[in-house]
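Descriptive structure summary
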Amino acid sequence: MRALPIALLVVAAAGLVGCSSGGEQAAAPKRSAPHSSSAAAKNVVETCSLLSPNDVSKAINTPDVSAKPGQSENTTGNGGKATSCEYQVAGKPAGALAVTRYEGRHTKPAEMIAAIKKAKAGAADVPGFADGAVYYVDGQKTATLAAAKLSGGVPVVVSYTGPVKMTQEMMIPLVRTAVSGA
């Protein structure tokens, strides 16, 4: 399954932003009870609801885009809880949306964007996002646009990763739509 590597790249990239640029390590948030698998499934479905297949279809100028829930991952090292949604055309990957929430962290969006820029060579700021966004090409295989925000006081990174041929201009409306609902 070729869509899975894209989702994993999205989740891995989103997980990087939890690292503080000041060298601090955040502990995973403590919970009184583990999340049930149904709660995790609900979060994944919610990620797909942030960006419709029609939105992706318009951005890549290709009909018949479908969406399916991707992997959900909790990163204990930085407290990030990521969910994803994979987009496909005729069974082939068209990209993936990832939403990573850092419950219990007090990181600012600018710090999250700075951490991505530090981790990803060639990452460049993308104007027009209130709390910051960055675009980068990873290994000449994938392109990612990631935006950071505070949602109800919780630091959140929303990113879309697609084929390297996806330009920043193609991704801006996708990430903007997803960020508005995250």
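A few points on the structure.

How each quantity is defined
Residues numbered from 1 in each chain as written. Predicted model: local features only at pLDDT ≥ 70, side-chain atom pairs only at ≥ 80, totals over all residues. Heavy atoms only, no water. Helix = DSSP H or I, 4+ residues; strand = E, 2+ residues; numbered from the N terminus. Contact = heavy atoms within 4.5 Å. Buried < 20%, exposed > 50% of the residue type's maximum accessible area, 1.4 Å probe, protein only. Arc of directions from axis to C-beta. Phe/Tyr/Trp six-rings, centres within 6.5 Å; stacked < 30°, edge-to-face > 60°. Lys NZ or Arg CZ within 6 Å of the ring centre and 35° of its normal. Salt bridge = Lys/Arg side-chain N within 4 Å of Asp/Glu carboxyl O. Core = buried A, V, L, I, M, F, W, Y, C linked by side-chain atoms within 4.5 Å. Disulfide = S-S within 2.5 Å. Pairing = 2+ DSSP bridges.

**Regarding the environment of L174**
Residue placement: L174 occurs in helix α5 (residues 168-181). Not counting the four nearest positions on each side in its chain, L174 is found in contact with L51, D55, V56, A59, Y160 and M166.

**Digging into helix α3 (residues 53-60)**
Within the span of α3, buried status applies to V56, S57, A59 and I60. For α3, the angular spread of buried residues about the axis comes to 165°, placing them on one side.

**Brief notes about the packing of aromatic side chains**
All told, the structure shown has one aromatic pair when counted by the stated rule. Ring geometry for Y87 versus Y160: centroids 6.1 Å apart, planes at 40°, classification tilted. Of this pair, Y87 sits in strand β2 (residues 80-89) while Y160 is found in strand β7 (residues 154-163), placing the two residues 73 residues apart along the sequence. Among the residues examined, Y160 registers a relative accessible area of 0% and is labelled buried. Seen from the ring of F129, R176 lies directly overhead, with NZ or CZ sitting 4.8 Å from the centre.

**Details of the pattern of salt bridges**
Considering all chains together, one arrives at three salt bridges under this definition. A salt bridge links K120 to D138, with the shortest nitrogen-to-oxygen separation between them at 3.0 Å. Highlighted residues: K120 in the loop between α4 (109-119) and β4 (124-125) and D138 in strand β5 (residues 133-138), separated in sequence by 18 residues.

**Details of the nonpolar core**
In this structure, V56, Y87, L97, F129, L145, V158 and Y160 are the most contacted members of the largest nonpolar core, which totals 31 residues. Of all the elements, α5 adds the most residues to this core, at six residues.

**Considerations on the state of the cysteines**
In a disulfide, the sulfur atoms of two cysteines are held together by a covalent bond. What the rule picks out here adds up to one disulfide. Through a disulfide, C48 is tied to C85; the S-S separation comes to 2.1 Å. Negative torsions about the S-S bond denote left-handed disulfides, and the value of about 105° found for C48 with C85 makes this one right-handed. Taken as a pair, C48 in helix α2 (residues 37-49) and C85 in strand β2 lie far apart in primary sequence, 37 residues in all.

**Looking at the pairing of strand β6 (residues 142-151)**
With eight of ten residues buried, β6 is to be regarded as a mostly interior element. Bridge count for β5 against β6 is six bridges, and the pairing is antiparallel. Each residue of the ladder has a partner; that of D138, found in β6, is T142. Remark: three residues form the turn of the hairpin made by β5 and β6, two consecutive strands paired antiparallel; G139 in that turn has positive phi of roughly 60°. Relative to β7, β6 runs antiparallel, the two sharing ten bridges. Each residue of the ladder has a partner; that of A143, found in β7, is G162. Connecting β6 to the antiparallel partner β7 that follows it, the hairpin turn spans two residues, and G152 within it adopts a positive phi of roughly 60°.

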